Amino acid sequence: MSYSVLTPYLVPSEINHQKAVNIGDGFILKSILNLLNPYRCQYVFTTRKKLTDENIKNINSTKALILAGANQLNDNFSILPGAEQSFIDKIQVPIIPFGIGIYGVASNNSQMSLLTQEILKNIHTKIKYSSWRCNLTIDYLQEFLPELNHKILMTGCPVMYNQQILGHKQFQEKSKLIIVTVTERGDFWEREIETIKFVKERFPNSRKILSLHQDFAVLGVKQYPKKNILRFWDSEPQLDSEIIKLRKYAQEVGFRIFKPKSVEQCWRLYNKCDLHIGSRVHAHLYFLSQAKKSFLTYVDDRCLGFAQTLNFPICDFTNIEDYLDYNFEIYRQNCQLSFENMKQFLFYLKEDLLK
């Protein structure tokens, strides 16, 4: 039978000058679809826009609504923008969190609102289990909703799992082709420029690619399809901006710039690469799922829960060399432990809800 999905990966055209598409959210969505095979996703909607009555009708024609991962859980989490319980009650099928994590900024996970508590308690009345991505997320849920302890499973992120990491494939030692990911938001310059410099100097004979999971350079630009023109808003990307400077520097020291147009295109490239170093957590998890070495630098606490749960280091960008001897079998063992919970969750979905 079929199911529906809500995902932050889809960015509505009305806000695409304010929000850059995050290919990492696409990694999560695609991984969920793969894990739920052979069951079919019938409808996909965005979490960034209120559902219409027609959308809800379509959802209710399927067996379940999957909430597809990412760092959506904060103190005011309501599944959809501004949704009240009365609106969510229109969704008659089970609503199932799948790989969702806490927001990643401590001030946004300090006091769960009564509305969020009400929504989470109500959706759990229709389901046996829900899936959450790290122990910090579980701790947050247990603090405010201890009555749900028997239903919340720490499954890890769907992107973590592939036959290479779950089996016995050795982590490879090659570094012929290296991916560096960057996060060009906030105070990013020092972290990302130092990472690029380290890879340039440490791997002088390797081919190197700078991969952009989000293209923040396009923010502030709104397109008018009928007139086929672009209008620049307040955050007009100037050629001398730090984002453009960073990319130019990477090109000058031998990097190619890669802007993936789809999850499939991104994965095809990553499958050909040997090593990842950078600040994008879902690139990190994807490389590890392929039994390829990956080293993650810190942006915010989105990565902290993964690191603590799976026991991998978060690298100090000023001294990445010190982390290169990490024993990746530690990660494999913890990933395999998390997968036991994921298997329990998938068995419930496939045998009890979607069959």
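Cut-offs applied
Residues numbered from 1 in each chain as written. Predicted model: local features only at pLDDT ≥ 70, side-chain atom pairs only at ≥ 80, totals over all residues. Heavy atoms only, no water. Helix = DSSP H or I, 4+ residues; strand = E, 2+ residues; numbered from the N terminus. Buried < 20%, exposed > 50% of the residue type's maximum accessible area, 1.4 Å probe, protein only. Arc of directions from axis to C-beta. Contact = heavy atoms within 4.5 Å. Core = buried A, V, L, I, M, F, W, Y, C linked by side-chain atoms within 4.5 Å. Salt bridge = Lys/Arg side-chain N within 4 Å of Asp/Glu carboxyl O. Pairing = 2+ DSSP bridges. Axes fitted to C-alpha atoms, helices over the stretch in contact; angles between N-to-C directions.

(A) Region of interest: unusual backbone geometry. Here the bond from Asn-37 into Pro-38 is cis, since omega is 10°, no more than 30 degrees from zero. Located in the positive-phi region is Ala-70, a residue other than glycine, with phi close to 70°. Tracing the chain through its elements places Ala-70 in strand β3 (residues 65-73). In this model, Ile-79 sits at a positive phi of 70°, which is unusual for a non-glycine residue. Residue placement: Ile-79 occurs in the loop between β3 and α3 (85-88). Ile-79 gets classed as buried once you look at its relative accessible area, which sits at 5%.

(B) Summary view of helix α5 (residues 135-144). Buried within α5 we find Thr-137, Ile-138, Tyr-140, Leu-141 and Phe-144. Down the axis of α5, the smallest arc covering the buried residues is 160°, so these residues share one side. Looking at the buried residues of α5, the elements they touch are β3, β4 (95-102), α4 (114-124), β5 (130-132) and β6 (152-154).

(C) The arrangement of the side chain of Thr-195 in detail. By the element assignment, Thr-195 lies in helix α7 (residues 189-202). Take Thr-195: its relative accessible area is 0%, and that puts it in the buried class. With sequence-adjacent residues up to four places away left out, Thr-195 is seen in contact with Val-180, Ile-277, Thr-297, Phe-317 and Ile-320.

(D) Quick peek at the nonpolar core. Phe-27, Leu-36, Phe-98, Met-160, Tyr-270 and Tyr-331 are the most contacted members of the largest nonpolar core, which has 87 residues in total. Element by element, the count of residues in this core is highest for helix α12 (residues 328-353), at ten residues. Sequence-distant contacts of Phe-27, defined by excluding residues within four places in its chain, comprise Val-159, His-213, Val-263, Cys-266, Trp-267, Tyr-270, His-282, Ala-283 and Tyr-286. Listed in part, the 32 residues of the second largest apolar core include Ile-88, Ile-91, Trp-132 and Met-154.

(E) Structural detail: the pattern of salt bridges. Inspection of every chain in the model, using the stated rule, returns 18 salt bridges. The closest approach of N and O atoms between Lys-30 and Glu-264, which form a salt bridge, is 3.6 Å. Here the residue Lys-30 occupies a position in helix α1 (residues 23-35), and Glu-264 occupies one in helix α9 (residues 263-272), the gap between them amounting to 234 residues. Taking the relative accessible area as the measure of exposure, Glu-264 reaches 37% and is therefore partly exposed. It is possible to trace a salt-bridge network through shared partners that takes in Glu-184, Asp-215, Arg-247 and Lys-259.

(F) Quick peek at the sheet that holds strand β14 (residues 314-315). The strand order across the open sheet formed by six strands is β11-β8-β7-β12-β13-β14, and the pairing between neighbours is parallel. Each edge of the open sheet is held by one strand with a lone partner, namely β11 (255-258) and β14. Here four bridges tie strand β7 (residues 177-182) to strand β12 (residues 275-278), and the two strands are oriented parallel to one another. Considered in β12, the bridge of Ile-179 is made with His-276. The strands touched by helix α10 (residues 281-289) within the sheet are β7, β12 and β13 (294-297), with β13 carrying the most contacts at an inclination of about 165°.

These results come straight from atomic positions and should not be treated as a statement about function.
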